[in-house]
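One-letter residues, chain by chain:
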Amino acid sequence: MDEKKIQAFLTVVKLGSMNKAAERLDYTQPALTQMMNSLERDLGCRLLSRGHGGVKLTQEGEALLPLLKDISGSMQKLRKEITRLTAQEKKTIRIGAYPSITKSWLSKIIREFRKKYPDISIELCVGGYETEEWLVNGAVDLAFVDENVGTRYHWIPLMQDPYYAVVSINCPLSKETEVSLSQLSQYPFILSEIHELRSFAQENGLERGLHINATDDASLLSLVELGMGVSILPSTSLKNHSDQIAVLKLTPTFSRTLGMACRESLSTDAKTFIHFTKEVLEKKAPNSSENTKTPL
């Protein structure tokens, strides 16, 4: 049932005049008359008795008036609740991120953002390359990833994340200050089957070794710590690493670009978070937003 027809009917009853009701509702008198006729057809009975003295309720109209008022009140409550829920949903920012990014600096940014904007909720989803699927199906509004994923979407580069060699402290290489890829190739190389360096490792003769089916770098580091091989990881994955692991500079150096991959349509709150993140990172490293091309 059309809510506008019910609201118009209640206005006519309140004012007792079709002309006055039409003026109040900014309708023409014929248009309002058509609405009342249509409402009566919907209900299957006459509601109003029209005369020179104005309009009055018929017997059926008197009986249905309380119910129509209830319907109008319920519709207004429904509309208000929908508005409230919609507003609440818009104040939730859904973010996807790699574990290494979350651990190294994103968690701190979220903490500071929540202090400044306590009314905006954040839903954080931490994962590997499934973050791209989250972007595709709308599970997240934006994702903190590397350029291998991010450049297929609206891409906001944030910083360079250099790679380092990681070896057990019992490995002979641990005594070095920096190592080359040819030196690493002399040892079993540990890498995840879906790691972003898979093709790079194959091209540089590092493919032989242990491949693990894991998306978290912590599992890979635990194997390196046990002396089962060596690996290469970005700096964000090495925060608070075990003292049983040596982190060595690579020659030549290379890095990956980290940034935000965004959906095309973003809420005002999501845009606020993006601006806040860029501002925080730029204060810490003025050149962090440069999109320097890496060899990966």
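For the structure, see preceding data.
For the structure given in this document, a descriptive report is provided here. (Residues numbered from 1 in each chain as written. Predicted model: local features only at pLDDT ≥ 70, side-chain atom pairs only at ≥ 80, totals over all residues. Heavy atoms only, no water.)

### Some points on the packing of helix 5 (residues 99-116) against helix 11 (residues 268-284)
Interhelical geometry of helix 5 versus helix 11 gives an angle of 120° and a closest axis separation of 10 Å. By the angle class used here, helix 5 and helix 11 are oblique. Considering the relative orientation of helix 5 and helix 11, their crossing is right-handed. Between helix 5 and helix 11, the contacting residues are Trp105, Leu106, Ile109, Ile110, Glu112, Phe113 and Lys116 on the first element and Asp269, Thr272, Phe273, Phe276, Thr277, Val280 and Leu281 on the second. (Axes fitted to C-alpha atoms, helices over the stretch in contact; angles between N-to-C directions. Helix = DSSP H or I, 4+ residues; strand = E, 2+ residues; numbered from the N terminus. Parallel < 35°, antiparallel > 145°, perpendicular 65-115°, else oblique. Left-handed = near helix turned anticlockwise from the far one by under 90°. Contact = heavy atoms within 4.5 Å.)

### Some remarks on the side chain of Glu40
Tracing the backbone shows Glu40 in helix 3 (residues 29-43). One buried charged residue, Glu40, remains without a salt bridge, the closest side chain of opposite sign being Arg50 at 4.1 Å. Engagement of the side chain of Glu40 in a polar contact is seen with the backbone nitrogen of Leu47, the distance being 2.9 Å. If we ignore the near neighbours within four places in the chain, the residues touching Glu40 are Cys45, Arg46, Leu47, Leu48 and Arg50. (Buried < 20%, exposed > 50% of the residue type's maximum accessible area, 1.4 Å probe, protein only. Lys, Arg positive; Asp, Glu negative; His and termini not counted. Salt bridge = Lys/Arg side-chain N within 4 Å of Asp/Glu carboxyl O. Polar contact = N/O pair within 3.5 Å; in protein donor to acceptor, adjacent residues only side chain to side chain.)

### Describing the pairing of strand 4 (residues 121-126)
Bridge count for strand 3 (residues 92-97) against strand 4 is six bridges, and the pairing is parallel. By the bridge assignment, Ile95 is partnered in strand 4 with Leu124. Taking the sense of rotation as the criterion, the β-α-β connection linking strand 3, helix 5 and strand 4 turns out right-handed. (Pairing = 2+ DSSP bridges. Right-handed = clockwise from strand over helix to strand, strands pointing away.)

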